[in-house]
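Here is what each chain is made of, one letter per residue.
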Amino acid sequence: QVQLVESGGGSVQAGGSLRLSCVASGYRYSSYYMGWFRQAPGKEREGVAFITIAGGTTYYGDSVKGRFTISQDNAKNTLYLQMNSLKPEDSAMYYCASGYQGIARTSLAYDPMRYKYWGQGTQVTVSS
């Protein structure tokens, strides 16, 4: 069983920055992608950023391109999400996901149903 633990969320003003971390432990599941999703109240879970574990190739949702950066430290089994120029619409619960199931196709990485393991989430609140 894989455990994912997120941290780093908080409350910031618009234009501020936060860095989220996700530490993976337990059974080492081979996952082509790992990534970050977010979900605001009353909205569907949205894919934010993804990275290929082996090659480090990154992908971003249109709403965060140029502001967010996903990275990984494989030695520490840790995934990061650096969030800059935060906007009130970025407010949501942010989840780390692993255990991708499917072929290596970027469009599929944004589908939350393809991930087997999830963290408990960390709340990000951006005030105007």
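Presented here is a report on the structure given in the accompanying data block. (Residues numbered from 1 in each chain as written. Predicted model: local features only at pLDDT ≥ 70, side-chain atom pairs only at ≥ 80, totals over all residues. Heavy atoms only, no water.)

**Notes on the nonpolar core**
Short version of the rule: Buried residues of nine kinds, namely Ala, Val, Leu, Ile, Met, Phe, Trp, Tyr and Cys, make up a nonpolar core once their side-chain atoms join them within 4.5 Å. Buried, partly exposed and exposed residues are distinguished by accessible area as a fraction of the type maximum, computed with a 1.4 Å probe on protein chains only: under 20%, between the cut-offs, and over 50%, respectively. Strands here are runs of E lasting at least two residues and helices are runs of H or I lasting at least four, both read from the DSSP assignment and numbered beginning at the N terminus.
Core analysis: the biggest nonpolar cluster contains 26 residues, and W36, L81, M83 and Y94 have the highest contact counts within it. Secondary-structure elements contributing two or more residues to this core are β1 (2-7), β3 (18-26), β4 (33-39), β5 (46-52), β7 (68-73), β8 (78-83), β9 (92-100) and β11 (122-127). Counting eight residues, the second largest nonpolar core, distinct from the first, contains F37, A97, L108 and A109.

**Examining the packing of aromatic side chains**
Quick reminder of the rule: Only the six-membered ring of Trp is used, alongside the rings of Phe and Tyr, when aromatic pairs are assigned; centres must lie within 6.5 Å, and planes under 30 degrees apart are stacked while those over 60 apart are edge-to-face, with the rest tilted. To sit over a ring, a charge needs its Lys NZ or Arg CZ within 6 Å of the ring centre and within 35 degrees of the ring normal.
In total, this model carries 11 aromatic pairs according to the counting rule given. Taken together, a centroid distance of 4.8 Å and an interplanar angle of 85 degrees make the contact between Y32 and Y33 edge-to-face. Ring geometry for F37 and F50: centres 5.2 Å apart, planes at 75 degrees, overall edge-to-face. Linking F37 in strand β4 with F50 in strand β5, this pair joins segments that are 13 residues apart in sequence. Accessibility expressed as a relative area gives 0% for F37, which makes it buried. An aromatic cluster is defined as three or more aromatic residues linked by ring pairs; in this entry it consists of Y32, Y33, F37, F50, Y59, Y95, Y100, Y110, Y115 and W118. When the ring centre of Y95 is taken as reference, the NZ or CZ atom of R45 above it lies at 3.9 Å.

**Looking at the side chain of T52**
The condition that has to hold: Whether two residues touch is decided by their heavy atoms; if any such pair falls within 4.5 Å, the residues are in contact.
You can see T52 is positioned in strand β5. Here T52 falls in the buried class, since its relative accessible area comes to 4%. Ignoring any residue separated from it by four or fewer positions in sequence, one finds T52 in contact with Y32, Y33, T57, Y59 and Q72.

On their own, these measurements won't tell you what the molecule is for.
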